[in-house]
Amino acid sequence: MTTKKMFLRPCTWVYLFLLSLTFVTWFIGVNNLSGRAFAFTVLGFALIKGQLIGDYFMGLKQVAGPWRWVIFVWLLLIGSLITAAFWKTL
Amino acid sequence: MTGMEKNRWPPGDLVIWIFIMAELLVFGVFFTAYAFTRAHNVELFDTYQLTLDRNAALINTLALITSSYFVVRAVADIRADDSRGCFRWLLAALGMGLLFLVVKGLEYKHHFSLGIDLSTNTFYMFYLSLTFFHFLHVVLGMVILLAVALKARKGGYSAAEHTGVETGASYWHMVDLVWMILFPLVYVMR
Amino acid sequence: MKYKSQKVAKLYFIAAIGLFVGQILFGLIIGAQYIWGDFLFPEIPFNVARMVHTNLLIVWLLFGFMGAAYYLVPEEAETDLVMPWLANLMFWIFLTAGAATILGYLLVPYAQLAELTKNELLPTMGREFLEQPTITKIGIVIVALSFLANIGLTILKGRKTVINLVLLMGMTGLAVFFLFAFYNPVNVVLDKYYWWWVVHLWVEGVWELILGSILAFILIKTTGVDREVIEKWLYVIIAMVLITGIIGTGHHYYWIGTPAFWQWWGSIFSAMEPIPFFMMTVFAFNMVNKRRRNHPNKAAVLWALGTAVMAFLGAGVWGFLHTLSPVNYYTHGTQITAAHGHMAFYGAYVMIVLAMISYAMPMLRGREAANSTKSQVLEMWGFWLMTISIVFITLFLTGAGILQVYLQRFADNPMPFMVVQEKIQLFYALREIAGFIFLSGLLIYIVSFFVGSKEPEATIEGEVVPT
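Below or above, wherever it landed, is the structure these notes cover. Please read all numbers here as calculations on a predicted model, not as lab measurements.

1. Here's the deal with the overall build of chain B
- When helices and strands are tallied, chain B shows 6 helices and 0 strands.
- Scanning chain B from its N terminus toward the C terminus, one meets helices and strands in the order α-α-α-α-α-α.
- Taking the intrachain contacts of chain B between residues at least 6 apart in sequence as the baseline, contacts between residues at least 24 apart amount to 81%.
- With the model as given, the accessible surface of chain B reaches about 7,100 Å², and the carbon-plus-sulfur share is 64%.
- With 14 positive and 14 negative side-chain charges, chain B shows a spacing of 4 Å between the two charge centroids.

Right, dumping it as structure tokens:
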């Protein structure tokens, strides 16, 4: 397998996976599904999508050391804060 | 990049990563402010969230993800020393960015035709500010991609030296990444 | 000094330092009036002394910026100034107008000054920091336009560098936003709204571009780091300045009658304004660490690093302290604001001008690259005395401010303004002492120009560049 394919193939899978998560999120949205289960599923999907974009599209999976984790830490931080803010209201 | 050895630095110019971190910080503050303000105005936020067009948001999310994927292909091409391919994929990515701007513009047109503005209520204040701030980032990202694309067409990058392509790509992925959170947070979570 | 016309910078620098001394003297007078309310009354009332203190600051910084530009632009553009005579002429016009205005403040009552200068024809007087008579304001515009024409044409003629373009952008912005000093709507909300376009968009917008470009220039010259690397930093710093600083103006719009969304816009964007300052700190230290050579002018490098740190602390941290609207609800217009104002102006703008003077003055006075070691040691004493005393002034004012906020606005039984002023006297006294130490630092700084001029230049022989 060429280097190019080794780089592209996982990205293509990630792309398709991102599309499918988006459709699920949209489905929950248009049907106005509410409550903790749905809201945090959607949030969880968003965080997973973010991590995949960071790891594969931005290529952080190939990076060692602190830069490997910039996106992860950001997602963790806003994920926790958003969870904290939504928790009691749902 | 062979896939086995890990790099010490992220792809692209390090300075763009410092910029990306700063941008993520700003968006992070915005998202957190939205979430906690909503906690104090649940009814208001839940009511007006229903007036948003989730189908438009779906199209826009797909547009940005696809655009990001096209940029990935552009990077793959230039790493294989294929300037033409790189240019074409960047052009395709720009097309998707344009689609985003058009759809978002139509959404704004709809809201403005109803006389909605920043002072209508707190929900719309956040919705308009957040999405418009992101909108400006899409524009900025497209300007950067366009500059990279034009240089790529002139053969300004090669397999050996293509930091510029990776720099533009990293910024564009950040614009995509932020929307991944914005979409569920503002349009869906209730 | 590579180009003969750079020489005009010298006049501007000398005037800047002279007016700086005046500013500090008037600062000490108002500092004393905080302790003894009728000190020098009725000859120099508090409001007049304060007006002189702030106006002198702005004027001398403008002299400093223009001097810096006249030195930097030819060197970057690799060509002489197109009109050095105009720069000289404008210097004297600006100095005369500035001096006449200050004398006007001091010698006649403000209302009479307004009458004398025919303010009624185009009323622009009476607003904080923009107190200058209309005729002076018009003079400032003429000086600014000639200045812009001069450096603009020089840049057009010569090599175009990022530093020159960012500087030109900043200077153009400075001139454009000053035009709002002439816009004086009757509606008080609109009046304040546009007043901030001068005041805020200067110090938290276009001036930062000037600061960034001068800092980048000094770092290129003293560290030998590739221009390309420094320019990249400059790009992201100015992008961040513009993203945060423009909408960050909103932190002045909380309580003046503007729509409520400004509470959010102002809070969020201005809370991010420390980011570009932080980047500048990282930038400056990074470049000095990566230096390709040592520079014999140690004092200039010290000023450059000092401005990066102090701007972040004064503008960034002390600004952040009271920028969020729920906090500002209590702190607005207290000594907290004064604390921030002192360290921000010193850290960001005083120090960058002094850094440029420190770098350029030896060459302007015929040295190869640097002053003698003796002179530099004294200059660095001046640096530390001024910097440490401004830190203390800031801390004392912060202490005064916290107490003021609590007693006057937060406590269960809030006290009246004047009663609270009595209670925070101790801080005012300490601030005045720190002010005198600042003056001694400034005097030592000035003395450093006159010592060791017969001694040989400092060298870097025997020094090793860390790899």
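Still to come is the rest of the account.
2. Topic: the interface of chain C and chain B
- Between chain C and chain B, the contact holds 15 residues from the first and 18 residues from the second.
- Where chain C abuts chain B, roughly 1,600 Å² becomes buried across the two surfaces, and 89% of that area is made up of carbon and sulfur atoms.
- Considering only the surface of chain C that becomes buried against chain B, C:W264, C:I268 and C:M272 emerge as the three largest contributors, covering 31% of it.
- At the boundary of chain C with chain B, the tally comes to 1 salt bridge.

3. Notes on the arrangement of the chains
- Out of 2 pairs of chains that touch, the pair holding the most contacts is chains A and B.
- Kept free of each other, chain A and chain C leave a smallest C-alpha distance of 15 Å between them.

4. Considerations on the pattern of salt bridges
All names here are of chain C.
- Applying the stated criterion to the full structure yields 15 salt bridges over all chains.
- Residues E78 and R159 are paired through a salt bridge, measuring 3.7 Å at the closest nitrogen-oxygen approach. Of the two residues, E78 is situated in the loop between α2 (46-77) and α3 (84-107) and R159 in the loop between α5 (134-157) and α6 (162-178); the sequence distance between them amounts to 81 residues.
- Taking relative accessible area as the criterion, E78 reaches 47% and is therefore assigned partly exposed.
- Taking the relative accessible area as the measure of exposure, R159 reaches 31% and is therefore partly exposed.

5. Here's the deal with a nonpolar patch on the surface
- A cluster of nonpolar residues, A:W69, A:F72, A:V73 and A:L76, forms a patch on the protein surface that exposes about 390 Å² of accessible area.
- Judged by relative accessible area, A:V73 falls into the partly exposed class, the value being 44%.

6. Considerations on the interface of chain A and chain B
- Contact with chain A, which involves 51 residues of that partner, is made by 57 residues of chain B.
- Carbon and sulfur atoms supply 77% of the area buried between chain A and chain B, which totals about 4,700 Å² over both sides.
- Between B:D77 and A:K4 there is a salt bridge whose closest N-O contact spans 2.5 Å.
- Linking chain A with chain B are 13 residue pairs in polar contact (both at pLDDT 80 or more).
- Ranked by the residues each element gives to the side of chain A that touches chain B, the list is headed by helix α1 (residues 3-30) of chain A, at 17 residues.
- Taken together, the residues that form the side of chain A that touches chain B break down as 35 nonpolar, 12 polar and 4 charged.

7. Observations concerning the environment of B:I18
- Relative to the elements of secondary structure, B:I18 occurs in helix α1 (residues 14-40).
- B:I18 sits 149 residues away from B:T167 along the chain, and the two C-alpha atoms are 11 Å apart.
- Once residues lying within four places of it in the same chain are set aside, the contact partners of B:I18 are A:W67, C:W233 and C:M279.

8. What about the packing of α1(B) against helix α9 (residues 261-271) of chain C?
- In the contact formed by α1(B) and α9(C), the axes pass within 10 Å of each other and the chain directions differ by 140 degrees. What the angle tells us is that α1(B) and α9(C) run oblique. Where α1(B) crosses over α9(C), the handedness of that crossing is right-handed. Side by side, α1(B) and α9(C) meet where B:V29, B:F30, B:A33 and B:T37 of the first sit next to C:W264, C:I268 and C:F269 of the second.
- For the contact of α1(B) with α9(C), the class distribution of residues is 6 nonpolar, 1 polar and no charged.

9. Observations regarding the environment of C:S375
Residues and elements named next belong to chain C.
- Residue position: S375 is located in helix α14 (residues 373-410).
- Judged by its relative accessible area of 2%, S375 is buried.
- Considered as a pair, S375 and L28 are 347 residues apart in the sequence and their alpha carbons are 27 Å apart.
- Discounting residues that sit within four places of it in the chain, S375 has contacts with S448 and V451.
- Reaching out from S375, the side chain makes a polar contact with the backbone oxygen of S448 at a distance of 2.8 Å.

10. Topic: helix α3 (residues 54-79) of chain B
Residues and elements named next belong to chain B.
- Helix length check: α3 (26 residues) gives 37 Å between terminal C-alpha atoms against 38 Å at 1.5 Å per residue, within 8%.
- Here α3 lies mainly inside the structure; 22 of its 26 residues are buried.
- At the N-terminal boundary of α3, the capping side chain belongs to D53, with an oxygen 3.0 Å from the backbone nitrogen of N55.
- With its phi angle positive at about 65 degrees, D81 sits one or two positions after the end of α3.

11. A look at the packing of helix α1 (residues 8-35) of chain C against helix α13 (residues 335-364) of chain C
All names here are of chain C.
- Across the interface, α1 lies against α13 with an axial gap of 11 Å and an inter-helix angle of 155 degrees. Compared by their axis directions, α1 and α13 come out roughly antiparallel. Crossing hand, α1 versus α13: left-handed. Taking contact as the criterion, the partners of A9, K10, F13, I14, I17, F20 and Y34 in α1 are, on α13, Q335, V350, L354, M356, I357, A360, M361 and L364.

Calculation notes
Residues numbered from 1 in each chain as written. Chains lettered and ligands numbered in written order. Predicted model: local features only at pLDDT ≥ 70, side-chain atom pairs only at ≥ 80, totals over all residues. Heavy atoms only, no water. Helix = DSSP H or I, 4+ residues; strand = E, 2+ residues; numbered from the N terminus. Contact = heavy atoms within 4.5 Å. Areas by Shrake-Rupley, 256 points an atom, 1.4 Å probe, with all protein chains shown as cover. Lys, Arg positive; Asp, Glu negative; His and termini not counted. Charge placed at Lys NZ, Arg CZ, Asp CG, Glu CD. Buried area = accessible area lost by both parts, 1.4 Å probe. Salt bridge = Lys/Arg side-chain N within 4 Å of Asp/Glu carboxyl O. Buried < 20%, exposed > 50% of the residue type's maximum accessible area, 1.4 Å probe, protein only. Patch = residues over 30% accessible without salt bridge, like charges linked within 9 Å, V, L, I, M, F, W, Y side chains within 5 Å. Polar contact = N/O pair within 3.5 Å; in protein donor to acceptor, adjacent residues only side chain to side chain. Nonpolar A, V, L, I, M, F, W, Y, C, P; charged D, E, K, R; others polar. Axes fitted to C-alpha atoms, helices over the stretch in contact; angles between N-to-C directions. Parallel < 35°, antiparallel > 145°, perpendicular 65-115°, else oblique. Left-handed = near helix turned anticlockwise from the far one by under 90°. Expected span 1.5 Å × (residues − 1).

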